[in-house]
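Listed below, chain by chain, are the residues.
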Amino acid sequence: RPYVIVMIGINGVGKSTSLAKIAYYLQSNQCNPLLAACDTFRSGAVEQLSVHASCLNLPLYHQGYAKDPSAVAKAAINKATEDG
């Protein structure tokens, strides 16, 4: 069963960077993080998280833009559950 961490904050406070740091820490401690791009409103949000995921060699779950963020989050949790 996956452990879920939700990052919440106003624009420009460093959520994506902090998420990448947490993901790196988890990866360094033998965990298998899956990043989920649930910010489906802000232009460039998926690409920004994609860069972090690529640099860390981590999987990124996304469904693009103009989607329901909670549905994306639920689908990402289901994906993480399936993948173990």
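Note that the structure is predicted; figures quoted are calculated from it, not measured.

*Asks:* Give a detailed account of the overall build of the protein, specifying residues and quantitative values.
*Replies:* A count of helical and extended segments in the protein gives three helices and two strands. By the compact-globule yardstick of 12 Å for 84 residues, the protein fits well, its C-alpha radius of gyration being 12 Å. When the backbone C-alpha atoms are referred to their principal axes, the protein occupies close to 30 × 25 × 20 Å. With 84 residues in all, the protein has 24% of them scored as buried. For the protein, restricting intrachain contacts to residue pairs at least 6 apart in sequence, the fraction spanning at least 24 positions comes to 52%. Surface summary for the protein: the accessible area is close to 6,000 Å², and the carbon and sulfur share equals 56%. Taken as two groups, the 7 positive and 5 negative side-chain charges of the protein have centres that lie 6 Å from each other.

*Asks:* So, helix α1 (residues 15–28): which residues are in play, and what are the values?
*Replies:* Spanning 14 residues, α1 covers 20 Å between terminal C-alpha atoms, matching the ideal 20 Å at 1.5 Å per step. Downstream of α1 by a residue or two, Q30 has a phi angle that is positive, lying close to 60°.

*Asks:* Outline the packing of α1 against helix α2 (residues 45–56), supporting the account with residue identities and numerical values.
*Replies:* α2 packs onto α1 with a crossing angle of 25° between their chain directions and a minimal axis gap of 10 Å. Overall, the two elements α1 and α2 adopt an arrangement that is roughly parallel. Seen along the crossing, α1 lies across α2 with a hand that is right-handed. For the pair α1 and α2, contact is made by S16, T17, L19, A20, A23, Y24 and Q27 and by Q48, L49, H52 and L56, respectively. For the contact of α1 with α2, the residue count by class is six nonpolar, five polar and no charged.

*Asks:* Tell me about the nonpolar core, residues and numbers included.
*Replies:* Judged by nonpolar contacts, L19, A20, A23, L35, A37, V46, L49, A53, L56 and L58 together constitute the single largest core of 10 residues. Those elements that place two or more of their residues in this core are α1 and α2. With residues up to four places along the chain from it excluded, the contact list for A37 reads V46, L49, L60, Y61, H62 and V72.

*Asks:* Describe α2, listing the residues and the values that go with them.
*Replies:* Compared with an ideal rise of 1.5 Å per residue, which puts 12 residues at 16 Å, α2 spans 17 Å between its outermost C-alpha atoms and is within 8% of the ideal. Of the surrounding elements, those touching the buried residues of α2 are α1, β1 (35–36) and β2 (60–61). Directly beyond the C-terminal end of α2, a positive phi value near 55° is found at N57.

The rules behind each value
Residues numbered from 1 in each chain as written. Predicted model: local features only at pLDDT ≥ 70, side-chain atom pairs only at ≥ 80, totals over all residues. Heavy atoms only, no water. Helix = DSSP H or I, 4+ residues; strand = E, 2+ residues; numbered from the N terminus. Rg over C-alpha atoms; globule rule 2.2 N^0.38 Å. Buried < 20%, exposed > 50% of the residue type's maximum accessible area, 1.4 Å probe, protein only. Contact = heavy atoms within 4.5 Å. Areas by Shrake-Rupley, 256 points an atom, 1.4 Å probe, with all protein chains shown as cover. Lys, Arg positive; Asp, Glu negative; His and termini not counted. Charge placed at Lys NZ, Arg CZ, Asp CG, Glu CD. Expected span 1.5 Å × (residues − 1). Axes fitted to C-alpha atoms, helices over the stretch in contact; angles between N-to-C directions. Parallel < 35°, antiparallel > 145°, perpendicular 65-115°, else oblique. Left-handed = near helix turned anticlockwise from the far one by under 90°. Nonpolar A, V, L, I, M, F, W, Y, C, P; charged D, E, K, R; others polar. Core = buried A, V, L, I, M, F, W, Y, C linked by side-chain atoms within 4.5 Å.

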